[in-house]
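What the coordinates show
If you want the building blocks of each chain, they are given just below.
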Amino acid sequence: MNLVLTKSDWAKYPFVPEATEYIKTLGLKVDSLSRPEFEPILDRAEGRVKEALLTNPPKVSYLEHNEEVELSSFPVAVVIAAATADDFIKKRYALAEARRAYDLLRREDKWKVLEVAKAFGWRVNVVTDEASAPRGYQLKLHFVDFLRNVKAFHESNWKLINRVMLGGEVYLTTYEAARLLQEEIRRHIEAKLRIDVRPILPPNVAQMVEELRLIRRRRFGKVYTEEIRFPKEAVVEAFPPCIRNLYEAAASGSHLSHAGRFALTSFLLNAGMPPSKIVDLFRSSSDFNERMTRYQVEHIAGLRGSRTRYTPYACDTLRTHGLCPGEENLCRGLRHPLTYYRRKLRMKAASKRSRPADQV
Amino acid sequence: MTVDRESFIKSKFREFYESSSSMVEAPPSIEMREFGFLLFKDRVMVRHKGFRDVESLRSFLRQIVPLHAYYSAAYYAAPEEPMERKGWVGADLYFDIDADHIPTPCQKVHDVWVCRGCGFKGRGTPPERCPLCSQRRFEEKTWPCEVCLEAAKRETMKLVDILLKDFGFSQDEIKVSFSGHRGYHVHIEKDEIKDLDSAARKEIVDYITGTGLDAKFHGLEAAGEGSRVLVGPHLGDSGWRGRIARGVYDLLLKADGEHLEELGLRRNVVKTIVENREVIIRSWESGGPWGLIRGVGLESWKAIIRKGVEAQAAKIDTVVTTDIHRLIRLENTLHGKTGLLKVGFPTDKIEDFDPFKDAVAFKRGEVTVFIEEAPEFRIWEETYGPFKGEKAELPVAAALLLLCKGMAEVAQ
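Predicted, not measured: the structure shown is a model, and the values here were computed from it.

1. Focus on the nonpolar core
In this structure, Tyr93 of chain A together with Phe167 of chain B are the most contacted members of the largest nonpolar core, which totals 194 residues. Looking at this core element by element, the count peaks at eleven residues for helix 4 (residues 67-83) of chain A. When residues no more than four places from it in sequence are discounted, the contact partners of Phe167 of chain B are Phe143, Leu160, Met165, Gly167 and Gly168 of chain A together with Ile162, Ile204, Tyr207 and Ile208 of chain B. Formed by 36 residues, the second largest nonpolar core is a distinct cluster that contains Phe239, Phe262, Val279 and Leu345 of chain A.

Shown next as structure tokens:
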């Protein structure tokens, strides 16, 4: 069975190539958007981006009874979102459209999900022999397509090792395939938004763009990413168990693997320890070479070479390289050793504050 | 009086590259690869080299005669530029299995450490501190012994099995080679895996090493809602389900009480397992032992499974596979620590591959060496040693192994 996507599917999933081809035939041009016959399309396009900014979590709605407008307003919305030249708006819009698609895909049968997936070039098949196949799965996806889209998921059921995989195909339920497609769609739209259309916008559209930028400023202000501030002196007692082990091993001159040295160095640098102190830490190592150690520490600190400061390994990566000694209570639910460190520091500070005065 | 060891090794390496550099073949898209060479002189690493064709690579090898020769698993737009300007376009998927990561009982016999402070010597893995002078700096000498290499081969076979069955690569797509020292390389050059980033490769590593496996996703569960009886995977299941079952089967078949207690199982549980071994083994004919043993609940099974998974997983070097800029030894070049070749062979011939025969580069001539100390070893069908403070006339390949390992000097 091989279904073709219909026009009403295009209205739901206007980013698939067939839909894009169809829209091209409509002769919709950026500079013609001021023409009155396109008004409904332009309105809906503005509405799509607005919804992305005004809903939380962001999601564009689906207007079932107006397929033509629903379909052709998508590329116009992309132009508008791109024209804001604001990464926050672009990201949020891409996510909102992807969540719209996921919501619709979840209600489809496996055949429809299969067709949309194929539109993105996925190597995907329907599980035909359900009797012999592992139960409950409807689709099977090439592991490379699976890995490309699973990155944002941290739940253990999404780890490749916890999936059923045979002959390079990962078995999925239709829901799971839809969820992975959400990621593919989000990236696809984000890539589409990397265009600069500002110089060719007609005045009415340019005005819309300005309004959207205003909404974003009013609603979200300037978005500050949390600046991580750690005490000037690294507090060894607040290190997570993995880093504590590595730290003690380095201090006592025991051999550390390459991955171990990297994990320790990048953690210490991010916890605010100066490179020279880290070099000193490795001094008692059996194969210590000052010049080499200094070079490597400074490289990880981003003072040399590519000038990028390396972020420390996350818990998952520490486990891969055999550097995680096993979870402590405080590790539960955490994904990064620096989060453990921050939390422990906060706990220490809190317990200090709450201590009665006569015990200080 | 001894001739300079190093100049002897280099003269032999030169002979090899002069006569046999045509054996070195171009990796696919040679013009996009970075090459690196460790030189004899001062052990300098020459990196960021690029070649347009295989002939210029071969003539370079003849000209510089390297101790080690490498190429990048990665493909670059500009391989000769510094790292940050190379322009990464992709990388082959590489696996490294090294005997160093596999504990074998013979390491205690043939691996030697020497304290850099006082020269005190010992065998096996070096201690925290030198028992004589308390220093912590040691020189380690490992040995490519048959037992260790056989253990590495077993791991390689497990890896190949996972790549074939679970990942669906074909025999021809999986390239296996002996590293020339203490292990095996396995790699895949297919287009579809080239642009996998480090995070995706990490997931592949976790799959192969069994890291993060949770048995509840592989069929270990309550027999029905609210039931306290468990069901679990079967021996014949495919993928990790089958491996879990087979790992647990082997473990329960062989483990004695002491081993089981080490898994954190309660003493009465261990006793039940040991006393009912026959029943447990027979249980695999139907549903398996999952719901069979009183007192062995979900947590105990998870501990048993963890151990079983460890035996079924392949012990690969996790860093090599996740490093998308890695330099890899070039096939059909000499390994400077042994004088043996890195050689490739077909996947289905892995069992018959004999590193001490198939990787021997020097097939003619004898040389007399003075051997300080060396364990017994074999080249082709002939066994040599063990040696201690003696002179011996050896075939060049055998002598080179000892010379490269720093265990002998050329006698004149």
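2. Looking at the pairing of strand 8 (residues 112-115) of chain B
Residue and element names in this part refer to chain B. Burial along strand 8 is two-sided: the residues Val112 and Val114 and Trp113 and Cys115 are all buried. The sheet contact formed by strand 8 and strand 9 (residues 121-123) spans three bridges and is antiparallel. From the neighbouring strand, Trp113 faces strand 9, where its bridge partner is Gly122. Here strand 8 folds back onto strand 9, and the loop between the two strands holds five residues, one of which, Gly119, carries a positive phi near 85 degrees. In this sheet, strand 10 (residues 138-141) lies alongside strand 8 in antiparallel orientation, the contact comprising four bridges. Within strand 10, the position partnered with Cys115 by the bridge is Phe138.

3. Some thoughts on the domain arrangement of chain A
On domain assignment, one finds that chain A holds domain 1 (7-220) and domain 2 (236-359). Summarising the inter-unit geometry, the C-alpha centres of domain 1 of chain A and domain 2 of chain A are found 40 Å apart.

4. Observations concerning the sheet that holds strand 10 of chain B
Residue and element names in this part refer to chain B. The three strands are arranged 9-8-10 in an open sheet whose pairing can be described as antiparallel. Each having just a single partner strand, strand 9 and strand 10 make up the two edges of the open sheet. The average angle at which neighbouring strand axes cross in this sheet is 20 degrees, direction not considered.

5. Some remarks on the interface of chain A and chain B
Tallying the contact residues gives 35 residues for chain A and 38 residues for chain B. The contact between chain A and chain B buries some 3,000 Å² in all, and 56% of this surface belongs to carbon and sulfur atoms. At the junction of chain A and chain B, the tally comes to five salt bridges. Put simply, Lys151 of chain A and Asp197 of chain B hold a salt bridge, and the shortest N to O gap is 2.8 Å. The set of elements that each furnish at least two residues to the side of chain A that touches chain B consists of helix 7 (143-149), strand 3 (165-166) and helix 14 (315-320) of chain A. Counting residues per element, the side of chain A that touches chain B draws most heavily on helix 14 of chain A, at four residues. Tallied by class, the residues present in the side of chain A that touches chain B amount to nine nonpolar, 17 polar and nine charged.

Thresholds, definitions, all that
- Residues numbered from 1 in each chain as written.
- Chains lettered and ligands numbered in written order.
- Predicted model: local features only at pLDDT ≥ 70, side-chain atom pairs only at ≥ 80, totals over all residues.
- Heavy atoms only, no water.
- Core = buried A, V, L, I, M, F, W, Y, C linked by side-chain atoms within 4.5 Å.
- Buried < 20%, exposed > 50% of the residue type's maximum accessible area, 1.4 Å probe, protein only.
- Helix = DSSP H or I, 4+ residues; strand = E, 2+ residues; numbered from the N terminus.
- Contact = heavy atoms within 4.5 Å.
- Pairing = 2+ DSSP bridges.
- Domains from an automatic or database assignment.
- Axes fitted to C-alpha atoms, helices over the stretch in contact; angles between N-to-C directions.
- Buried area = accessible area lost by both parts, 1.4 Å probe.
- Salt bridge = Lys/Arg side-chain N within 4 Å of Asp/Glu carboxyl O.
- Nonpolar A, V, L, I, M, F, W, Y, C, P; charged D, E, K, R; others polar.

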